[in-house]
Amino acid sequence: MNLDKFKITDINKFNFKAFDPDAQTLSMDKQAVLENGKINIKKMKLLQDRFYAEGKESVLIVLQAMDAAGKDGAIKHVMAGVNPQGVEVSNFKKPTDIENAHDYLWRCVKALPPKGKIGIFNRSYYEDVLVNRVHSLYKNQNLPDRCKTDDIFEKRYNQIKNFEEYLWENGTRIIKFFFCISKDEQKKRFMKRIADKNKNWKLSDSDVAERKYWDDYMEAYELAINSTATQYAPWYVIPSNKKWFARYLVSEAIIKILEDINPKYPKVGKEKEKMILKCKDILKNEK
Ligand code: ATP
Ligand code: MG
C-alpha cells in the first residue's frame, strides 16, 4: 500500500475538493485488507515491545474527525494488540473552566507521552483552530482584546507548527490523522446509532446540529492541514467512508513510524552481565 498518497508533509498541498472519502476502497479486496490488518496488529505488538524497552523516543498520534468518522473504533481496533502499559489515550472535549483559565495548549502538554510510550490524542489542540474557528468561540472567551484579533488563527497555526517542531526536536514523533467521511456517510452512521438501541448512547443532539456547519468545518480542516503539515509532523488524510480501510491505513502509518524509529532492546553492560550470572548462580543453588 502506497501510504504516501495520503500523506501531507508540506504547506498548501491538501485540496479538499479533490479528495474522495471513498478513494481506493472500491477497488480493494476487503478480506485481503482485513487479513493484512491482522498481520499489522502482530507487527505492531513486536515493534512496541522494543520501543517501550528502549525508551528513547515518544510517539504522539493526533486523531481529528467529524463525529462518527471512526476515531474511537480505530483506537480500539488498531491498538488491539499493543501492551496497554505503553499507551496513553487522552480525550479532549469542550474545555472545563480550569482548562479555559489556561492557554489552549496547556491541557495537551500535560497529556504528552513520555519516552517509550505512544500517546493518542482523541481530538487535540487542533480543536482550537477548528470548532473555535467555525463558531468564532474566541470572541466570547476570557482573553485580552489584543489576543482577539482577526489573525488569531494564523497565529495559532504558527504556534502549533512551532510547538510540534519543538516536540520533534526533543524526541517526540508526531503523526496526525484526519478521518475524512462524506456528509452522507455521517448521516447513515447517525441513523444506525438511532436504529440500534445499544448505540443510542453515542448520539447527541449537538452532533446532528453541527451538520449545518459541515462546509465551514471542511474549510477549517483544509486551512489547518495546509498550515501545519510538515516533514516532522505530517498529516494523513484518511478516506474513511469504509472503516476497514481507514483502520488499515492508520495501522500502516503507525507501523511505518515505529519501523523508522527502529527501536532496539537495551544491551546490558559488563557490570550487569556479571550481576546476571551471579543471579543465575544463586537461583541454581537455591535449596
Ligand atoms: P464521541 O462523540 O464519539 O463520543 P467525541 O470526541 O466527539 O467522541 P464528545 O463528547 O462529543 O466526544 O466531545 C467532543 C466535543 O468537544 C466536540 O464537539 C468538540 O468540537 C468539542 N471540543 C473539543 N475541544 C474543544 C475546544 N477546545 N473548544 C470547544 N469545543 C471543543
Ligand atoms: Mg461527539
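The element strand β5 (residues 172-180) is largely enclosed, with a buried count of nine among its nine residues. Burial along β5 is two-sided: Thr172, Ile174, Lys176, Phe178 and Cys180 and Arg173, Ile175, Phe177 and Phe179, pointing in opposite directions, are all buried. Here eight bridges tie strand β2 (residues 58-65) to β5, and the two strands are oriented parallel to one another. Across the sheet, residue Leu63 finds its bridge partner in β5, namely Phe177. Where β5 meets strand β6 (residues 235-239), five bridges bridge the pair, whose relative direction is parallel. If you follow Cys180 over to β6, its bridge partner there is Pro239.

Attention now goes to the sheet that holds strand β3 (residues 87-91). An order of β1-β6-β5-β2-β4-β3 is seen for the six strands of this open sheet, with the pairing classed as mixed. Edge positions in the sheet fall to β1 (7-8) and β3, since each has one partner strand and no second.

Following the sequence through the fold, Glu252 ends up in helix α10 (residues 243-261). Here Glu252 occupies a buried position and makes no salt bridge, while the nearest side chain of opposite charge, Lys43, is found at 5.3 Å. At a separation of 2.9 Å, a polar atom in the side chain of Glu252 contacts the side chain of Asn40.

Phi angles above zero are rare outside glycine, and Asn12 is one such case at about 60°. By relative accessible area, Asn12 is classed as exposed at 59%. A positive phi angle is found at Arg123, which is not glycine, with a value near 70°. Among the structural elements, Arg123 can be located in the loop between β4 (118-122) and α5 (131-134). Judged by relative accessible area, which is 18%, Arg123 ranks as buried.

About the thresholds
Residues numbered from 1 in each chain as written. Chains lettered and ligands numbered in written order. Predicted model: local features only at pLDDT ≥ 70, side-chain atom pairs only at ≥ 80, totals over all residues. Heavy atoms only, no water. Buried < 20%, exposed > 50% of the residue type's maximum accessible area, 1.4 Å probe, protein only. Helix = DSSP H or I, 4+ residues; strand = E, 2+ residues; numbered from the N terminus. Pairing = 2+ DSSP bridges. Lys, Arg positive; Asp, Glu negative; His and termini not counted. Salt bridge = Lys/Arg side-chain N within 4 Å of Asp/Glu carboxyl O. Polar contact = N/O pair within 3.5 Å; in protein donor to acceptor, adjacent residues only side chain to side chain.

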